[in-house]
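Architecture and fold: a report
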Amino acid sequence: MTHDGAVPPAARTASVPAADLPALPPLTPPVDRPSPEDERFGPDGEPLDPRAIARASLAADRNWSLWVIAGAVLFCVALSLAAGTPTGALALACFLACCAVVRAVVRKSPAALVVRRRAVDVTVLAGLALAIGVLSQVVPSL
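Residues numbered from 1 in each chain as written. Predicted model: local features only at pLDDT ≥ 70, side-chain atom pairs only at ≥ 80, totals over all residues. Heavy atoms only, no water.

Here's the deal with the packing of helix α4 (residues 85–105) against helix α5 (residues 118–138)
The cut-off we apply is this: Each axis is a line fitted through C-alpha atoms, taken for helices only over the stretch in contact, and angles between the N-to-C directions span 0 to 180 degrees. The helix and strand labels rest on DSSP assignments: H or I over at least four residues marks a helix, E over at least two residues marks a strand, and numbering proceeds from the N terminus. Put simply, angles under 35 degrees are roughly parallel, angles over 145 are roughly antiparallel, angles from 65 to 115 are roughly perpendicular, and the rest are oblique. Here is the rule for handedness: rotate from the far helix to the near one, and if that takes an anticlockwise turn smaller than a right angle the crossing is left-handed, while a clockwise turn gives right-handed. Between two residues, a contact is recorded if the distance between any of their heavy atoms is within 4.5 Å.
Put simply, α4 and α5 touch, their axes get as near as 8 Å, and they point 160° apart. Relative to α5, the element α4 lies roughly antiparallel. Viewed along their axes, α4 and α5 form a crossing whose handedness is left-handed. Across from P86, A89, L90, L92, A93, L96, A97, C99, A100, R103 and A104 in α4, the residues of α5 making contact are R118, D121, V122, L125, A126, L128, A129, I132, G133, S136 and Q137.

As for the nonpolar core
Where we set the bar: In these notes, a set of buried Ala, Val, Leu, Ile, Met, Phe, Trp, Tyr and Cys residues joined through side-chain atoms within 4.5 Å is what counts as a nonpolar core. Exposure classes here rest on a 1.4 Å probe applied to the protein chains alone. A residue is buried below 20% of its type maximum, exposed above 50%, and partly exposed in between.
Counting 8 residues, the largest nonpolar core is built from A72, F95, L96, C99, A100, L113, L125 and A129. Mapped by element, the contributors of at least two residues to this core are α4 and α5. The biggest single contributor to this core is α4, with 4 residues. When near neighbours in sequence (up to four residues on either side) are disregarded, A129 contacts A93, L96 and A97.

Some thoughts on α5
Selection rule: Helices are assigned an expected span. That span is 1.5 Å times one less than the residue count. The arc in question is formed by the directions pointing from the helix axis toward the C-beta atoms.
In this model α5 runs 30 Å from its N-terminal to its C-terminal C-alpha over 21 residues, within 8% of the 30 Å that 1.5 Å per residue would give. Along α5, the residues classified as buried are D121, L125, A129, G133 and S136. Looking straight down α5, one finds that the buried residues subtend no more than 85° of arc, so they occupy a single side. Exposed positions of α5 whose direction lies more than 90 degrees from the buried face are T123, L130, L135 and V138.

Structure (structure tokens):
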């Protein structure tokens, strides 16, 4: 060090021999416990079967709640085209409010309505219904 406390350039560039460096832990997680981010393992730590995942994704088209929601959205779009945007948006707001009530009341809710915890789902659905309902009446239509 110099008299002003600065480190001279020669001391800054000096390297430490590799033998003097401490051993670093491995960068990968231990083999006996999978990482929670590893998508090859389920929440219980068991390996997932890719064939079971593919079968589950193919079975999603047979879920009635997905078809009901898709049909309701298409109905709201058709109503918007036929009767005007405010009417279609108000119908969508009513449908979202009904979804919020179903998610809040029904113990085993339809699969298409279950995203997060019940309280979060109900809050988001009700908030969207309120926002779209108010905007459908406030925003002028063309």
